[in-house]
Amino acid sequence: VQQIQATTSAFAAVLADGSLVTWGDAESGGDSSEVQAQLINVQQVQAGHYAFAAILADGSVVAWGDPEWGGDSSEVNDQLKNVRKIQATE
């Protein structure tokens, strides 16, 4: 395991091979099945209260969890290029 982050009730772990495993409350990001195919070569994962965002090796970002708390980045995905770091708010 390279990194672990937690929302209020879910966890995400980046593994040495760049894959990502999630568990816990599905609505808080514990279920990443809808984006799992995109979660390849994960470099960093960041947790907010009820959502996660991951930076991939190509600098793109994948988000999942509660959409009202940042778990849906689809409206800004075209702007999320060459991302180096992500930080959540409190």
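Reading the values: the criteria
Residues numbered from 1 in each chain as written. Predicted model: local features only at pLDDT ≥ 70, side-chain atom pairs only at ≥ 80, totals over all residues. Heavy atoms only, no water. Pairing = 2+ DSSP bridges. Helix = DSSP H or I, 4+ residues; strand = E, 2+ residues; numbered from the N terminus. Axes fitted to C-alpha atoms, helices over the stretch in contact; angles between N-to-C directions. 1 Å grid on protein atoms, 1.4 Å probe; cavity = no way out; pocket = protein on both sides within 12 Å on 5 of 7 lines; lining within 4 Å. Points joined across faces, edges and corners; volume = space filled by probe spheres on them. Nonpolar A, V, L, I, M, F, W, Y, C, P; charged D, E, K, R; others polar. Phe/Tyr/Trp six-rings, centres within 6.5 Å; stacked < 30°, edge-to-face > 60°. Buried < 20%, exposed > 50% of the residue type's maximum accessible area, 1.4 Å probe, protein only. Core = buried A, V, L, I, M, F, W, Y, C linked by side-chain atoms within 4.5 Å. Contact = heavy atoms within 4.5 Å.

Draft legend 1. Up close: the sheet that holds strand 3 (residues 20-24). Taken in spatial order, the three strands line up as 1-2-3 in an open sheet, and their pairing is antiparallel. Each edge of the sheet is formed by a strand with only one pairing partner; in this case those strands are strand 1 (3-6) and strand 3. When the angles between neighbouring strand axes are averaged without regard to direction, this sheet yields 15°. Two strands pair when backbone bridges link them, and strand 2 (residues 10-14) and strand 3 are joined in this way by five bridges, in the antiparallel orientation.

Draft legend 2. Up close: the layout of surface pockets. Taken as a whole, the largest pocket encloses approximately 280 Å³ of empty space. Lining the largest pocket are 18 residues, with Gly48, Ala53, Trp69, Gly70 and Ala88 positioned closest to its centre. Among the secondary structure elements, those contributing two or more residues to the lining of the largest pocket are strand 4 (42-47), strand 5 (51-56) and strand 6 (61-65). Ranked by residues supplied to the lining of the largest pocket, first place goes to strand 5 with three residues. By residue class, the composition of the lining of the largest pocket is ten nonpolar, seven polar and one charged.

Draft legend 3. Quick peek at the packing of aromatic side chains. For the structure shown, the criterion picks out three aromatic pairs. Between the aromatic rings of Tyr50 and Trp69, the centroid separation amounts to 4.9 Å while the plane-to-plane angle is 70°, which identifies the pairing as edge-to-face. Taken together, the residues Tyr50 in the loop between strand 4 and strand 5 and Trp69 in the segment after strand 6 connect sequence positions 19 residues apart. Judged by its relative accessible area of 46%, Trp69 is partly exposed.

Draft legend 4. Representation of the nonpolar core within the structure. Formed by 14 residues in total, the largest nonpolar core has its most connected members in Leu20, Leu39, Val42, Val45, Phe52 and Trp64. Of all the secondary structure elements, the ones that give two or more residues to this core are strand 2, strand 4, strand 5 and strand 6. The contact partners of Val45, leaving out residues within four places of it in the chain, are Gln3, Gln5, Ala12, Val14, Leu20, Phe52, Ala53, Ala54 and Trp64. Judged by nonpolar contacts, the second largest core, of six residues, contains Ile55, Ala63, Val83 and Ile86.

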